[in-house]
Amino acid sequence: LGYLETPAAPSNLEKTTVDFAIKSGGVVKVFFEKDKKIYFQTTKNQTAQIISEGTIIKIDENFIYTKNNNSISIYTVQNDLVKTISLPFNEVGSIDNFSINGEHYTVIMDYLQNKINLYDQNNEIMPGFPKEGRERAVSYLNEEQKLLSIYTVISKSIVCYKIEL
C-alpha cells in the first residue's frame, strides 16, 4: 500500500532518460549521463541542462557526486558546486559528504588500495588518514557531538573509526 503526499495528475514526459531521480523542494529531478556529460531535468523544465562532465557516482538527499578522471565534484541537489577534490587514485568504492558549521568533510574509499580517506574543507587529508578498509565505508555524523563515525568490514569484523570534527 502507498499514498501520494499530494494528489498528482499524470503527465507525459515524452522521451527521457533517467539514471537517478530525486525529489527536492517538491520537484522531481532526474539525472542522466550522455556522451560523458551529466544532465539534469525537472518535470517543470523539459529542457535538460548540463551540470558537469564525467559520470555520476552517487546521489543522496543532499548531494550529487560526480567523477571526471581523478577528480570528484560534489554538488548540492540544487546543482551548486560544493567542492572538487583531485584524487591520487582512480577507483572510488564509496563516498559521503557531511557539512558541519559550514565546513564540508568528505569520506572517500579507495577501492584499489582498500584505504578510507577523509578530506577536510580545504581538500586536505585529515591527520591519521588514510585508514584501512575493505570494499566499502559507511559514514554517520552526529552533529550534536561533532563526531563522525566511519564503518567498514575487515576480516568479517565491523570496524568503526570515530573522528571528532
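Anyway, here's the lowdown on the structure attached to this text. (Residues numbered from 1 in each chain as written. Predicted model: local features only at pLDDT ≥ 70, side-chain atom pairs only at ≥ 80, totals over all residues. Heavy atoms only, no water.)

A word on the overall build of the chain
Logical step 1: When you go through the chain residue by residue, the secondary structure sums to 0 helices and 15 strands.
Logical step 2: Scored against the burial criterion, the 165 residues of the chain give a buried share of 41%. (Helix = DSSP H or I, 4+ residues; strand = E, 2+ residues; numbered from the N terminus. Buried < 20%, exposed > 50% of the residue type's maximum accessible area, 1.4 Å probe, protein only.)

Observations regarding unusual backbone geometry
Logical step 1: Put simply, F129 and P130 share a cis peptide bond, and its omega is 10°.
Logical step 2: Mapped onto the secondary structure, P130 falls in the loop between β11 (115-119) and β12 (131-132).
Logical step 3: Despite not being glycine, N101 has its phi angle at roughly 55°, a positive value.
Logical step 4: Mapped onto the fold, N101 is located in the loop between β9 (92-100) and β10 (103-110).

Points about a nonpolar patch on the surface
Logical step 1: A cluster of nonpolar residues, V138, Y140, Y151, V153 and I158, forms a patch on the protein surface that exposes about 510 Å² of accessible area.
Logical step 2: Looking at the nonpolar patch, the elements with two or more residues in it are β13 (138-142) and β14 (147-154).
Logical step 3: Within the secondary structure layout, V138 lies in strand β13.
Logical step 4: By relative accessible area, which is 42% here, V138 ends up partly exposed. (Patch = residues over 30% accessible without salt bridge, like charges linked within 9 Å, V, L, I, M, F, W, Y side chains within 5 Å. Areas by Shrake-Rupley, 256 points an atom, 1.4 Å probe, with all protein chains shown as cover. Salt bridge = Lys/Arg side-chain N within 4 Å of Asp/Glu carboxyl O.)

Considerations on the sheet that holds strand β15 (residues 157-164)
Logical step 1: The strand order across the open sheet built from 3 strands is β13-β14-β15, with neighbouring strands paired in antiparallel fashion. At either end of the open sheet lies a strand with only one pairing partner, and these are β13 and β15. Here the average twist between neighbouring strands, direction ignored, is 20°.
Logical step 2: Pairing analysis gives 8 bridges linking β14 to β15, with the strands arranged antiparallel. By the bridge assignment for β15, Y151 is matched with C160. (Pairing = 2+ DSSP bridges. Axes fitted to C-alpha atoms, helices over the stretch in contact; angles between N-to-C directions.)

Quick word on the nonpolar core
Logical step 1: Core analysis: the largest hydrophobic core is formed by 16 residues, its most contacted members being V107, I116, L118, F129, L148 and I150.
Logical step 2: Sequence-distant contacts of F129, defined by excluding residues within four places in its chain, comprise I116, N117, L118, I150 and I163.
Logical step 3: Counting residues in each nonpolar core, the second largest holds 11 residues, with I85, L87, F89 and I95 among its members. (Core = buried A, V, L, I, M, F, W, Y, C linked by side-chain atoms within 4.5 Å. Contact = heavy atoms within 4.5 Å.)

Considerations on the side chain of T66
Logical step 1: Within the secondary structure, T66 sits in strand β6 (residues 63-68).
Logical step 2: Beyond its immediate chain neighbours, meaning those up to four positions away, T66 contacts I38, S52, T55, I56, I57, S71, I72, S73 and Y75.

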